[in-house]
Amino acid sequence: MTGQVRGVQLARLLGQWHALPGRRRSPDYAALAGSVRGLLADGRLPLGVRLPAERELAEALRISRTTVTAAYRQLRETGHLASRRGAGSWTMLPGNHRVASTGLWTPLDDREMLDLGVAALAAPPQLLSAARAAAEDLPRYLSGAGYHPTGVIELREAVADAYTARGLPTSADQIMVTSGTQHALDLVLRLALTPGGTVLVESPTYPNALAALAGRRARISTHGLAADAGWEPDLLLGSLRQTRPKLAYLIPEFQNPTGHLMPASLRERVVAAAHAVGTDLIIDESFVDLSMDGTEVPPPVATYDRHSRVISIGGMSKPYWGGLRIGWVRASAPQVQRLAAVRVGVDMASPVLDQLVAVHLLAHAEAIVADRRVQLAVQRDALLGALAQQLPEWRVTVPRGGVTLWAELDGPVSSALARAAEEVGVRLAPGPRFGLDGTMERFLRLPFTLPAADLVEAVGRIAAVRYDLDRTGRQRWREPAVIA
Ligand SMILES: Cc1ncc(COP(=O)(O)O)c(C=O)c1O
């Protein structure tokens, strides 16, 4: 069990459950049960939470208790609820699907494929000159052994300066350079989590973070993001207070996959609530540089931290290039030392040459990042335009930054669509990759990291196979797909 949802909270999540489109003449209890199933399938209602008592939900919804009793009975019959007399009812999915421990999700080296499965840009043109300049710097390091478990000092300083420029004074001894953000996450988990410890994550979230958590045998509890509005403050803070997880992993800037940006007020409240219940926050800032449309990014979450509760992780992959494999951790200086001690048991240190390339790229950060934002805005708009034209039934919230948009489809067909798209040369990451237990079949993540012409072509092919799915009468609902 990961917590409890109160009657008023569930009523808010259910919204207009009694007036859903397509309801026709079904009785109230069936409509209520159907709406709860929908919330579970979309990941907005976590698995393993205790639902309110029948009387409490009836009061919150202003309906009769008999209706709630009948709805709960139906949910039990369909395998969406488990009840024990005297102890309450917990959400579940039929077949007890779980997150698998192997979440392999990497790009294919298939040049014929339009790869919309990976949300990363090709290298910027400045990368070659940065690499040449790094080679010139290398002799300064060649007389040493080359092992720098916390990173070469020039890069630690450059990263610390970037935090300071964002309004968060940071010294180089608070920075540890890692081989990518993913590596940073794994190291922090090694330090801060014992097997079986609970970690709160957003749902949907970044699949490889789920893989890292599964690898460290975390118990995962989820906070469901609303497709249009993102985090629901009361529910998020309520989950922290009830679940008291050891860690929470959050992506506050242009969240992957939804693109949402967490407001400053919620950042402050999350840090305060985490401190009150003894939760450490892992804040993934992968997309912080990539705001668009003049959107101002709120202060870093760590700005509100007075008790070393916040560990920030980030890296070069999204604004610069994933192939560099440079990331970092920002934490207190003693935490950085402890992380370095963990790290020597893993990979000792990051490559010196790559770190020097990163130093040269960061020296031109302003120009490079400005170009990236323009490029991404053009590509995002091309993708939105193609979707509006070819798949007008899909609903999207326009992301104000990052590299992905999260489309709500016209049915629970995400996995079927991804399979069909692969046959016409488009690789997609279907919704269930971003949730737990086979949820999210009505959603699809679409990155706008490919050139605009490729995105338009890809949407054309997706629209054709979407149309074929209906025409060939293929089953619209499949068993939930397990992440594997
Ligand atoms: C939220 C998030 N965290 C971490 C990563 C991994 O980044 P890196 O390439 O720096 O390991 C990604 C890559 O897509 C991401 O989206």
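The coordinates are above.
With respect to the overall build of the protein chain
Turning to step 1, where the next piece is worked out: From N to C terminus, the protein chain includes 16 helices and 16 strands.
Turning to step 2, where the next piece is worked out: For 484 residues, the compact-globule estimate of 2.2 N^0.38 gives 23 Å, and the C-alpha radius of gyration of the protein chain, at 23 Å, lies within 12% of that figure.
Turning to step 3, where the next piece is worked out: Taking the principal axes of its C-alpha atoms as reference, the protein chain extends roughly 80 × 50 × 35 Å.
Turning to step 4, where the next piece is worked out: The 484 residues of the protein chain split such that 56% are buried.
Turning to step 5, where the next piece is worked out: For the protein chain, restricting intrachain contacts to residue pairs at least 6 apart in sequence, the fraction spanning at least 24 positions comes to 76%.
Turning to step 6, where the next piece is worked out: About 20600 Å² of surface is accessible on the protein chain, with carbon and sulfur atoms providing 52% of the total.

Some words on the site of the ligand
Turning to step 1, where the next piece is worked out: The full set close to the ligand counts 13 residues, and Thr181, Asn256, Asp284, Ser317 and Lys318 are the nearest of them.
Turning to step 2, where the next piece is worked out: With respect to the ligand, the side chain of asparagine 256 contributes an N or O atom lying 2.8 Å from an oxygen atom.
Turning to step 3, where the next piece is worked out: For the ligand, whose free accessible area comes to 400 Å², the fraction covered by protein is 92%.
Turning to step 4, where the next piece is worked out: Counted by class, the shell around the ligand contains four nonpolar, six polar and three charged residues.

Section: unusual backbone geometry
Leaving glycine aside, a negative phi is the common case for residues, and trans is the common case for peptide bonds.
Turning to step 1, where the next piece is worked out: The omega torsion of the bond from serine 203 to proline 204 falls at 10°, within 30 degrees of zero and hence cis.
Turning to step 2, where the next piece is worked out: Relative to the assigned elements, proline 204 resides in the loop between strand E7 (198-203) and helix H9 (207-215).
Turning to step 3, where the next piece is worked out: Across the junction of asparagine 256 and proline 257, the peptide omega takes the value 15°, indicating a cis bond.
Turning to step 4, where the next piece is worked out: Structurally, proline 257 can be placed in the loop between strand E9 (247-250) and helix H11 (264-277).
Turning to step 5, where the next piece is worked out: One non-glycine residue, serine 308, adopts positive backbone phi at about 50°.
Turning to step 6, where the next piece is worked out: Here serine 308 lies in the loop between strand E10 (280-284) and strand E11 (310-315).

Here we look at the sheet that holds strand E5 (residues 114-116)
Consider a sheet: its strands pair through backbone hydrogen bonds, and that pairing is either parallel or antiparallel.
Turning to step 1, where the next piece is worked out: Strand order in the open sheet formed by five strands is E5-E15-E16-E14-E13, and the pairing between neighbours is mixed. Edge positions in the sheet fall to E5 and strand E13 (395-396), since each of these pairs with one other strand and no more.
Turning to step 2, where the next piece is worked out: On the sheet, helix H15 (residues 414-423) packs against strand E15 (426-430) and strand E16 (443-447) and is oriented at approximately 165° with respect to E15.

Looking at a nonpolar patch on the surface
Turning to step 1, where the next piece is worked out: A grouping of Tyr147, Val344 and Met348 is seen on the molecular surface, where their side chains present a nonpolar patch of about 310 Å² in accessible area.
Turning to step 2, where the next piece is worked out: Relative to the assigned elements, methionine 348 resides in the loop between helix H12 (333-343) and helix H13 (352-363).
Turning to step 3, where the next piece is worked out: Relative accessible area serves as the criterion here: at 39%, methionine 348 is assigned to the partly exposed category.

Some words on the nonpolar core
Turning to step 1, where the next piece is worked out: Residues Tyr249, Val329, Trp394, Leu417, Leu428, Leu446 and Ile462 are the most contacted members of the largest nonpolar core, which totals 67 residues.
Turning to step 2, where the next piece is worked out: A per-element tally of this core places helix H16 (residues 452-471) first, with seven residues.
Turning to step 3, where the next piece is worked out: Tyr304, Val310, Ala358 and Val369 belong to the second largest nonpolar core, which has 46 residues in total.

What counts, and at which threshold
Residues numbered from 1 in each chain as written. Predicted model: local features only at pLDDT ≥ 70, side-chain atom pairs only at ≥ 80, totals over all residues. Heavy atoms only, no water. Helix = DSSP H or I, 4+ residues; strand = E, 2+ residues; numbered from the N terminus. Rg over C-alpha atoms; globule rule 2.2 N^0.38 Å. Buried < 20%, exposed > 50% of the residue type's maximum accessible area, 1.4 Å probe, protein only. Contact = heavy atoms within 4.5 Å. Areas by Shrake-Rupley, 256 points an atom, 1.4 Å probe, with all protein chains shown as cover. Near = heavy atom within 4 Å. Polar contact = N/O pair within 3.5 Å; in protein donor to acceptor, adjacent residues only side chain to side chain. Nonpolar A, V, L, I, M, F, W, Y, C, P; charged D, E, K, R; others polar. Pairing = 2+ DSSP bridges. Axes fitted to C-alpha atoms, helices over the stretch in contact; angles between N-to-C directions. Patch = residues over 30% accessible without salt bridge, like charges linked within 9 Å, V, L, I, M, F, W, Y side chains within 5 Å. Salt bridge = Lys/Arg side-chain N within 4 Å of Asp/Glu carboxyl O. Core = buried A, V, L, I, M, F, W, Y, C linked by side-chain atoms within 4.5 Å.

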